[in-house]
Amino acid sequence: MPTSATSPAPSRTVAFPGGLTVTIQEFGENTEGTGVLVLHGGAGPRTVAGISNALSEHVYVVTPTHPGFDGTPRPDRFDTVADLAVAYLDLLDTLDLKDVMVIGNSVGGWIAAEMALRDNQGRIGALTLLNAVGIHAHMVENRVVDPRAMAPTDISQLSFAKPEFRPDFASFTDEQRAAAAANQKTLAVYGGDHFTYDPKLRARLHRITIPVLVIWGEEDGIAPLKYGRGYADSFPNGHFVQIADAAHFPQIEQLGATLGAIGDFVDTVVKPGATD
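Residues numbered from 1 in each chain as written. Predicted model: local features only at pLDDT ≥ 70, side-chain atom pairs only at ≥ 80, totals over all residues. Heavy atoms only, no water.

Peer 1: Account for the sheet that holds strand 2 (residues 21-27), naming residues and giving values.
Peer 2: As a general point, the strands of a sheet are linked pairwise by backbone hydrogen bonds and lie either parallel or antiparallel. If you walk across this open sheet you meet the 8 strands as 1-2-4-3-5-6-7-8, and the pairing is mixed. A single partner strand is all that each edge strand has here, and the edge strands are strand 1 (11-15) and strand 8 (238-243). Sheet twist, expressed as the mean angle between neighbouring strand axes with direction ignored, is 25 degrees. Looking at chain direction, strand 6 (residues 124-130) and strand 7 (residues 212-217) are connected through 4 bridges and run parallel. Directly across from Leu127, in strand 7, lies its bridge partner Val212. Packed onto the sheet, helix 6 (residues 225-233) meets strand 6, strand 7 and strand 8 and runs at close to 160 degrees relative to strand 8. Where helix 8 (residues 255-270) meets the sheet, it contacts strand 5 (100-105), strand 6, strand 7 and strand 8, and its direction lies at approximately 160 degrees from that of strand 7. (Pairing = 2+ DSSP bridges. Helix = DSSP H or I, 4+ residues; strand = E, 2+ residues; numbered from the N terminus. Axes fitted to C-alpha atoms, helices over the stretch in contact; angles between N-to-C directions. Contact = heavy atoms within 4.5 Å.)

Peer 1: Any chance you could break down the layout of surface pockets for me, citing the residues and the numbers?
Peer 2: Considered as a void within the structure, the second largest pocket measures approximately 810 Å³ in volume. Forming the walls of the second largest pocket are 24 residues, and the residues nearest its centre are His58, Val59, Val266, Asp267 and Lys271. Contributions of two or more residues to the lining of the second largest pocket are made by helix 1 (49-55), strand 5, strand 6 and helix 8. For the lining of the second largest pocket, the leading source of residues is helix 8, giving 6 residues. (1 Å grid on protein atoms, 1.4 Å probe; cavity = no way out; pocket = protein on both sides within 12 Å on 5 of 7 lines; lining within 4 Å. Points joined across faces, edges and corners; volume = space filled by probe spheres on them.)

Peer 1: Tell me about the nonpolar core, residues and numbers included.
Peer 2: The biggest cluster of nonpolar side chains holds 54 residues, and the ones touching the most others in it are Leu37, Met115, Leu127 and Tyr231. When residues in this core are grouped by element, the largest group, 9 residues, is from helix 2 (residues 81-95). Setting aside its immediate chain neighbours within four residues, Tyr231 contacts Gly109, Trp110, Ala113, Leu129, Ala132, Val133, Gly134, Ile135, Leu201, Leu205 and Trp216. Residues Val36, Val48, Leu55 and Phe265 belong to the second largest nonpolar core, which totals 19 residues. (Core = buried A, V, L, I, M, F, W, Y, C linked by side-chain atoms within 4.5 Å. Buried < 20%, exposed > 50% of the residue type's maximum accessible area, 1.4 Å probe, protein only.)

See the structure below:
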């Protein structure tokens, strides 16, 4: 997956009770006790490296690797999206971050929503969901595509509007193929039987009263545009922006437009009237 050409951000491992460890990358410096938590989807942390690096010009950014992805350890008992949500709330506690914006792409958006539902310490100030999954669409034609039985090239066709962003799987080494397969196996563990959604999540989202921005690459063949609108409408303070010439990864195909939408959201909804 294409990402920013900048050098990798520093990474470290954070340990939690019970034997869980989470590898995080930190972009920028934590000087104000706040920041942005960026959560990747099933394609791995490289898909959010570009937006994390760009945001770090303005704010401290933390990007965890979901346990089990990219060769990181995952305890057997750690096997649901809810487990990830609780772990990342623990991470915010450990880093002592407040007024955090959580940005999540695909399954990362699902994790973000689950975090907000459990945020009893009030550490999250806003959510931004980028072509998120997690809710069940009422209408069959609006439901998320289940990619488990699809070939990687077919998934890529649905995931990227622009051919130049689609990975060339023919050029992958055996090691790269094995790593991608391992990531998908881990994703299947977290997704559970339904894989792309929790049938009960949508009915709970009315309890999330913080501002929520739902950004959608309008040519997404994985999660349709109407699915995104339904997601935004499920929040009391939900806002929807569609991004042209982008599909499931707007932060890759249209980074500038995605950053612009987030900036407008902060200026007009999250912190209206605030000065730099």
